[in-house]
2 protein chains.
Amino acid sequence: MMEETEQVIHNDLTIINEGDAASPEGYIAGGVHVGLRRSKKDFGWLYSSVPANCAAVYTQNAYKAAPLQITKDSIDVTQQLSAIVINSAIANACTGERGIQDARLTRKLVSDKLQIPEYEVGVVSTGLIGEFLPMEKIKHGINQIDVSTNVNSSDFNESILTTDLVTKHTAVTISIENETITIGGTCKGSGMINPNMATMLGFMTTDANVDLEDLNLLLKEIVDETFNMITVDGDTSTNDMVILMANGKKLSNSLNKNHPEWNKFANAIKYVSQYLAKSIARDGEGATKLVKVTVSGGDSKQTVNKIAKTIVGSSLVKTAIHGGDPNFGRIITAIGYADSTISPYDVDVNLCGSKIVENGMAVPYDASKLKAKMERDTIDIDVKIGEEPFLATAFGCDLSYEYVRINALYRT
Amino acid sequence: MMEETEQVIHNDLTIINEGDAASPEGYIAGGVHVGLRRSKKDFGWLYSSVPANCAAVYTQNAYKAAPLQITKDSIDVTQQLSAIVINSAIANACTGERGIQDARLTRKLVSDKLQIPEYEVGVVSTGLIGEFLPMEKIKHGINQIDVSTNVNSSDFNESILTTDLVTKHTAVTISIENETITIGGTCKGSGMINPNMATMLGFMTTDANVDLEDLNLLLKEIVDETFNMITVDGDTSTNDMVILMANGKKLSNSLNKNHPEWNKFANAIKYVSQYLAKSIARDGEGATKLVKVTVSGGDSKQTVNKIAKTIVGSSLVKTAIHGGDPNFGRIITAIGYADSTISPYDVDVNLCGSKIVENGMAVPYDASKLKAKMERDTIDIDVKIGEEPFLATAFGCDLSYEYVRINALYRT
């Protein structure tokens, strides 16, 4: 099912205008301002009216934030969630036993408020590391949770942001067994974004009835192809997770990988995941351009993944793109240090559709034409390293003055 | 011999004011302007009046520039060099067979000019990748090589620079068997600098008589502790090398590792290597501060090396330092993704001498006092990850607007 072209992914699915994680049937989302941030909404909730089968992928950082541990604890026990609450501004990471207690108390209070089992509640935080949650403000937020109406899901989309400039969400429908299935998603970026989870939170939902084991396998596979293939600055955070909920409001029998329409379902999940991942890369801190790197012809998935991620993560490639400079030398250098076992003189590179390297050597190109192409919003780098079958695509962004400004001054 | 404190390294050695690779007896260096750069000197030479035993370490990039291949060819055949010529501005990398022919012709012409065997000549280039050398200009440079006088070694130090702002060189003397031995070095940085060699060239020289095998082992060991422990932007170049020459003008019997004063010699080489490596980090593109990260208490050299390099290479740590922000969360995050197997709550972090993390948690500190300390020219980050014996030190620099400006506009 992992065809790489968006063409294929698009087949059979219909995009919902302004869709998000609350689009599938039975989900309600909202958000309020509780004073963690100056004025933007900073506390949100995502609720399913029935317990949803739940798969999750967590950060690989040795420091796992307290809320992540509590969410994992819930999912490990019930493998279902009915509600997730999220606060931005403070990550509740590196906060020791008190942080755990705060996250556990949050879970308990949400459980009381919504009259759902404690282990069907997930707790998520994002923001500054090392500060304690002001629990009075969190309690104030919990008291305001309203799951009677879904008109304010855009408040949820906003409430989870940190330095993100825009909300990030989408939803699609597909038809399975002649029922309309909806798949939605909302996420946040925007710095500390790197393969293997970064400060990014992704919430994907569906109203389909899905086998729990296959839901888990599918999420892991898709995260590896999407969220784990983006990079902004190479830093991997303490709080990241991607959660996929399936509440079974649609389809009487649960979907599993042997179902004839499983691939259609999997492609729809992948489309949403890919869309969210790309939107994170495009809104990377200080980004002015989306960079898409495709590496083909490798003899293993690992090789092409590594090369694609290395190119898209190279500070020198990123600054060259920011400057509109077709600097093929930095691309070739990144290829060469990503994998010292490649055949250097089998490599071709296309930049924005123009061939700039053939057989590992520079080829003449129309510089003014290429410079003009580099004004585009999306920069495509296509690398062919041989004739073998493996292919990978990674997304990232340019490195600008603005990235430095944002991160030099984040706390002040 | 690998004691980590500079205290120990300094023992027994005397620093030569304005010393460089031409300071030891029998070496002559110079440089001229041949028109590869607008006005700065761009072609240099380093000459030994007798063939010098030679050890070298090369880039690990899959793309190895033509001059590097020719130099390796020479050293592999004779294990000695009498002369090295270097041009800046053009790297002669990714230039295929023509690049190899140009580097080989350069070697031949230098051999003819100086009347030395062809395989005692090294050829080095640094600069833009993918352009051919203008051989007429190179020939013009070769014709001007003058090994009759050593008054112009500062021209050599300048001729090898690219975006470096300052020349980088030092020399020391030690006493071995009651003879005065001199060890000198000259190098260049300044972007594309990462562990495992980057666009950096290092030339170290000594007039001692040194056993070839032990010279090679020593260079490898010292490069791993010094040049391989610096990072500017994480990019590893096609042209890097470090060469260590020992011409035997001093000491009738060759020094080897069983000699009672070997450690004194090795420490002096390490001092020079460390000094050059630090000077590269301090002059990283756009750098305003030197960052020194020490990680102690690990159970293997690999672990402490990895963590130290990850911290010093993190864009988020680098921008925080640029902004004078004691952002401990980014340091702890970098530790956590460098090695997911550490015990997160055994970690202590000191920033500029102030404890900011104890047992993996934030501790209160005097923010205004710490901010003032962060105005310093050198930022020290000391991390203790446990009670085991391994220790590593890495050097880097902050990430500034200027880095982006330099690299967005390098070609134009």
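Positions within a chain are numbered from 1, following the residues in the order the chain's sequence is written. The naming scheme follows written order: chains are lettered A onward, ligands numbered 1 onward. Local features in this predicted model are restricted to residues whose pLDDT is 70 or higher, and side-chain atom pairs enter the listing and the counts only when it is 80 or higher, whereas totals over whole chains, interfaces and linings include all residues. Values reported for side chains reflect all heavy atoms of the structure, with hydrogen atoms and water molecules removed beforehand.

As recorded by an unreviewed UniProt entry, chain A carries the name Arginine biosynthesis bifunctional protein ArgJ and is attributed to Mammaliicoccus stepanovicii. UniProt positions are given in the numbering used here, feature names are shortened, and annotations may be inferred rather than shown by experiment. Taken verbatim from the UniProt record of chain A, the Sequence similarities (unreviewed entry) comment is "Belongs to the ArgJ family."

Draft legend 1. The relation of the copies chain B and chain A, seen in detail. Overlaying chain B on chain A yields an RMSD of 0.0 Å, the required transformation being a rotation through 180 degrees with an accompanying axial translation of 0.0 Å. Classification of the inter-copy transformation places it as that of a two-fold axis. Of the C-alpha atoms belonging to chain B, the one lying closest to the rotation axis is found on Y401 of chain B, 2.5 Å away. Residue contacts follow a heavy-atom distance rule, with two residues in contact if any of their heavy atoms lie within 4.5 Å. When the interface residues of chain B are mapped onto chain A, 100% of them again fall at the interface, so both copies present the same face. Copies overlap after least-squares fitting; the atoms used are the C-alpha atoms of residues with pLDDT of at least 70 in both.

Draft legend 2. Spatial organisation of unusual backbone geometry. All names here are of chain A. At E18, a position not held by glycine, the phi torsion is positive, near 60 degrees. Looking at where E18 falls in the secondary structure, it is placed in the loop between β1 (14–15) and β2 (27–32). Under the scheme applied here, a residue whose accessible area is under 20% of the maximum for its type counts as buried, over 50% as exposed, and between as partly exposed, the area being computed with a 1.4 Å probe on protein chains only. Judged by its relative accessible area of 61%, E18 is exposed. We note that Q115 has phi near 55 degrees; this positive angle belongs to a residue other than glycine. Tracing the backbone shows Q115 in the loop between α3 (96–114) and β5 (121–128). The class of Q115 is exposed, set by a relative accessible area of 70%. Strands are runs of DSSP state E lasting at least two residues, helices are runs of H or I lasting at least four, and both sets are numbered from the N terminus onward.

Draft legend 3. View of the environment of D207 of chain B. Residues and elements named next belong to chain B. Within the secondary structure, D207 sits in strand β8 (residues 201–210). For D207, a relative accessible area of 0% translates into the label buried. Residues contacting D207, with those up to four places away along its chain left out, are P24, E25, Y27, I181, T182, N247, G248, K249 and K250. Think of a polar contact as two N or O atoms within 3.5 Å of one another; within protein, one of them needs to be a possible hydrogen donor and the other a possible acceptor, and neighboring residues in sequence only count if both atoms come from side chains. Engagement of the side chain of D207 in a polar contact is seen with the backbone nitrogen of E25, the distance being 2.9 Å.

Draft legend 4. Region of the structure containing the pattern of salt bridges. What counts as a salt bridge is simple: a side-chain nitrogen of Lys or Arg found within 4 Å of a carboxyl oxygen of Asp or Glu. Applying the stated criterion across every chain yields a total of 33 salt bridges over all chains. Across the pair K139 of chain A and E136 of chain A runs a salt bridge, and its minimum N-O distance is 3.4 Å. With K139 of chain A and E136 of chain A both in helix α4 (residues 135–143) and 3 residues apart, the pair spans about one turn of that helix. Accessibility expressed as a relative area gives 29% for K139 of chain A, which makes it partly exposed. Its salt-bridge partner being D73 of chain B, residue R107 of chain B comes within 3.0 Å of it at the nearest N-O pair. Taken together, the positions of R107 of chain B in helix α3 (residues 96–114) and D73 of chain B in helix α2 (residues 66–78) put the pair 34 residues apart, joining distant regions of the chain.

Draft legend 5. Spotlight on the packing of aromatic side chains. Aromatic contacts are taken between Phe, Tyr and Trp rings whose centres are within 6.5 Å, Trp giving its six-membered ring; a plane angle under 30 degrees counts as stacked, one over 60 as edge-to-face, and the others as tilted. Within the structure shown, the criterion is met by 9 aromatic pairs over all chains. Consider the rings of Y271 of chain A and Y275 of chain A, whose centres lie 6.3 Å apart with planes at 35 degrees: the pair is tilted. Of this pair, Y271 of chain A and Y275 of chain A both sit in helix α7 (residues 262–282), 4 residues apart, which is roughly one turn of that helix. Look at Y271 of chain A and you get buried, because its relative accessible area is 10%. Classification of Y275 of chain A as partly exposed rests on a relative accessible area of 36%. Ring centres 5.5 Å apart and planes at 50 degrees place the aromatic pair W262 of chain B and F265 of chain B in the tilted group.

Draft legend 6. The arrangement of the UniProt feature "binding site: substrate" (unreviewed entry) in chain A in detail. In the UniProt entry, the feature "binding site: substrate" (unreviewed entry) is given for T162, K188, T199, E285, N407 and T412 of chain A. Along the chain, the position of T162 of chain A falls in the loop between α5 (153–159) and β6 (168–176).

Draft legend 7. Geometry of helix α6 (residues 212–225) of chain A. Residue and element names in this part refer to chain A. One less than the number of residues in a helix, times 1.5 Å, gives the span that helix is expected to have. When the terminal C-alpha atoms of α6 are compared, their 20 Å separation across 14 residues agrees well with the 20 Å that a helix rising 1.5 Å per residue should span. If you check which residues of α6 are buried, you get L212, D214, L215, L218, L219, I222, V223 and E225. Down the axis of α6, the buried set is contained in an arc of 160 degrees. They therefore lie on one face. Taken together, the buried residues of α6 touch β3 (43–58), β8 (201–210), β9 (241–255), α7 and α8 (301–313). The distance from a side-chain oxygen at the start of α6 to the backbone nitrogen of E213 is 3.2 Å, and the residue carrying that oxygen is D211. Directions are taken from the helix axis to each C-beta atom, and the arc is the one they span.

Draft legend 8. How the structure looks around the domain arrangement of chain A. Residues and elements named next belong to chain A. Once the domains are mapped, chain A shows domain 1 (6–282) and domain 2 (290–408). Taken together, the 14 residues of domain 1 in the interface contact 19 residues of domain 2. Across the interface of domain 1 and domain 2, roughly 1,300 Å² is buried in total on both sides, 59% from carbon and sulfur atoms. Inspection of the domain 1/domain 2 interface yields 2 salt bridges. In this structure, E225 engages K301 in a salt bridge whose closest nitrogen and oxygen atoms are separated by 3.7 Å. There are 3 residue pairs in polar contact (both at pLDDT 80 or more) connecting domain 1 and domain 2. If one sorts the elements of the side of domain 1 that touches domain 2 by residue count, α7 sits on top with 4 residues. Classes in brief: Ala, Val, Leu, Ile, Met, Phe, Trp, Tyr, Cys and Pro nonpolar; Asp, Glu, Lys and Arg charged; the others, Gly included, polar. Residues belonging to the side of domain 1 that touches domain 2 are distributed by class as follows: 5 nonpolar, 4 polar and 5 charged. An automatic or database domain assignment is the source of the domain bounds shown. By buried area we mean the combined loss of accessible area, with a 1.4 Å probe, across both parts when two parts are placed together.

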